[in-house]
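Observations on the three-dimensional arrangement
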Amino acid sequence: MPFTANKAFKRAPRMLVAAKDMYYTTDDGRQILDGTAGLWCVNAGHCRESITAAIREQAGVMDYAPPFQMGHPLAFELAKQLVGMLPTGIDRIFFGNSGSEAVDTSLKIALAYWQAKGEPQRVRFIGRQRGYHGVGFGGISVGGIEANRRQFAAQMLPAVDHLPHTHDLSTNAYTRGQPANGAHFADALEEMVAKYDASTIAAVILEPVAGSTGVIIPPKGYLQRIREICDKHGILLIFDEVITGFGRLGTSFGATKFGVTPDMMTVAKGITNAAVPMGAVCARGSIYDAIVNSSTAGIELFHGYTYSGHPLAAAAGLATLELYRSEALFERAASLESYWADAVHSLRGIPHVIDLRNIGIVAGIELEPRAGAPGARAFDVFLKCFEDGVMIRSTGDTLALSPPLILEKAHIDRMFDVVGNAIKHVS
Ligand SMILES: Cc1ncc(COP(=O)(O)O)c(C=O)c1O
């Protein structure tokens, strides 16, 4: 099982058998309030009829079309609609099936771009400590979660370095929204430029808000500073928006929220409301043009997946984007942000809570680790919440919440009530 303690799970399985709107149903018939939108992906709530109908219909019309040397209209239509939501200038889409594939694709596109531009020595990637970019070899190399690399450390991408993370409780504990301190963490990029020479650096890849590593919110001015340094040295900037995309922050994307436009964005999860797997790289037209125009070969990019732009995923994606628009779910998330923030910060003072942070409809609740057992306290809280009917995530000693954007205030009250009591109970 993926990222699961197999032996422990098999001793006490947690099985989900149905889902609707804000709730899962377990195999013993219990209703579980979904505090995590599955895995940060079911942004419009579960089993929405318009998405289900679109998938059902497409499955009967054309189940599959090969994406190599063939096309089908739904994939182009989805690309067009996606472009309409992206920052100006990002107007080319390459589809895959997951966030991990999107990340590895973006790294390959960066290398192909620099070859096309006549700077093939630009091969180095800069990621960030505690970054999560999926589980491909590219993703774990640029990612900064040590545990995800340890078993495979013998074979990482060779030319990679990592910026420091920006999590600093000494100055930023209990911040609502973006911390005031920490833009200076971006200056480490200048140090890397000095160390490696900008002419060897292909791209910097970052999550605008790091999610899987425990909810790390960018300090004010940090992403702007990263963008400035990349511009100064001609380095590509990739935002991994697999979690921050599609309304999670109360805007379409993190780039929109923070007013910083990268050169590429990776997306997945919320693109289809998770109903069919899909991921994508969104790139500036200038990147597409450089690669396609410079090529003398028939095929300009030797890369792709059997299921790139799969018809069922494309149909699900179109229905999902329509639902986001018709129910104004990103605006709804924005309108609930301050109620959400109050609920998050109401947990202050509970024993073992050492930080509370929030942005959009995301919460991070950091707990004091148990001596000699990092992560154990948060995992016990996760188990207790599940027993009490609320699904949350634990990552290290941080609890993360990111529910579907259709939630009501009463759901927020229940989530934080259950989480607060679970922390007290476990302590
Ligand atoms: C920022 C980020 N990038 C990439 C991924 C990997 O996505 P997937 O699990 O779909 O491969 C994730 C998954 O949580 C993510 O949060």
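Residues numbered from 1 in each chain as written. Predicted model: local features only at pLDDT ≥ 70, side-chain atom pairs only at ≥ 80, totals over all residues.

This part takes up the overall build of the chain. Counting secondary structure elements, the chain contains 16 helices and 15 strands. The C-alpha radius of gyration computed for the chain amounts to 21 Å, which stays within 12% of the reference 22 Å derived for 427 residues, consistent with globular compactness. Expressed along its principal axes, the backbone C-alpha trace of the chain runs to roughly 65 × 55 × 40 Å. Sorting the 427 residues of the chain into buried and exposed places 51% on the buried side. Taking all contacts inside the chain whose residues are at least 6 apart in sequence as the whole, residues at least 24 apart take part in 73%. (Helix = DSSP H or I, 4+ residues; strand = E, 2+ residues; numbered from the N terminus. Rg over C-alpha atoms; globule rule 2.2 N^0.38 Å. Buried ≥ 20, exposed ≤ 12 C-beta atoms within 10 Å, placed from the backbone. Contact = placed C-beta atoms within 7 Å.)

Take the pairing of strand β5 (residues 124-128) next. Burial of β5 is extensive: 5 of the 5 residues sit out of reach of the surface. The alternating pattern of β5 places R124, I126 and R128 on one face and F125 and G127 on the opposite face, and all of these are buried. The sheet contact formed by β5 and strand β6 (residues 160-163) spans 4 bridges and is parallel. Each bridged residue has a counterpart across the sheet, and for I126 the counterpart in β6 is D161. (Pairing = 2+ DSSP bridges.)

Turning our attention to the domain arrangement of the chain. According to the domain assignment, the chain contains domain 1 (6-48 + 328-426) and domain 2 (52-326). Just the C-alpha atoms count here: the centres of domain 1 and domain 2 sit 26 Å apart. Each side of the interface is counted separately: domain 1 has 32 residues, and domain 2 has 29 residues. Elements supplying a minimum of two residues to the side of domain 1 that touches domain 2: α2 (37-40), α14 (329-345), β11 (353-359), β12 (362-367) and β15 (398-401). If you tally residues by element for the side of domain 1 that touches domain 2, the top one is α14, at 7 residues. (Domains from an automatic or database assignment.)

Formed by 125 residues in total, the largest nonpolar core has its most connected members in V204, I226, A280, C282 and V419. Here this core takes 10 residues from helix α13 (residues 311-326), the largest share from any one element. Summarising the domain contributions, this core has at least three residues from each of domain 1 (6-48 + 328-426) and domain 2 (52-326). (Core = buried A, V, L, I, M, F, W, Y, C linked by C-beta atoms within 7 Å.)

Quick look at the pairing of strand β9 (residues 264-267) now. Side-chain alternation along β9 places M264 and T266 on one buried face and M265 and V267 on a second face that is also buried. Note: strand β8 (residues 236-240) against β9, 3 bridges, orientation parallel. In the strand pairing of β9, F239 is matched with M265. Here 4 bridges tie β9 to strand β10 (residues 279-284), and the two strands are oriented antiparallel to one another. Looking at β10, one finds that T266 is bridged to V281.

With that out of the way, let us pick up the sheet that holds β12. Sheet strands pair by backbone hydrogen bonding; their relative direction is either parallel or antiparallel. Taken in spatial order, the 4 strands of this open sheet run β11-β12-β15-β14, and their pairing is antiparallel. In this open sheet, the two edge strands, each paired with only one partner strand, are β11 and β14 (393-395). In this sheet, adjacent strand axes meet at a mean angle of 20 degrees when their direction is disregarded. Examined bridge by bridge, β14 and β15 share 3 bridges and lie antiparallel to one another. Within the sheet, the bridge partner assigned to R393 lies in β15 and is A400. Here α14 sits on the sheet in contact with β11 and β12, set at roughly 175 degrees to β11. (Axes fitted to C-alpha atoms, helices over the stretch in contact; angles between N-to-C directions.)

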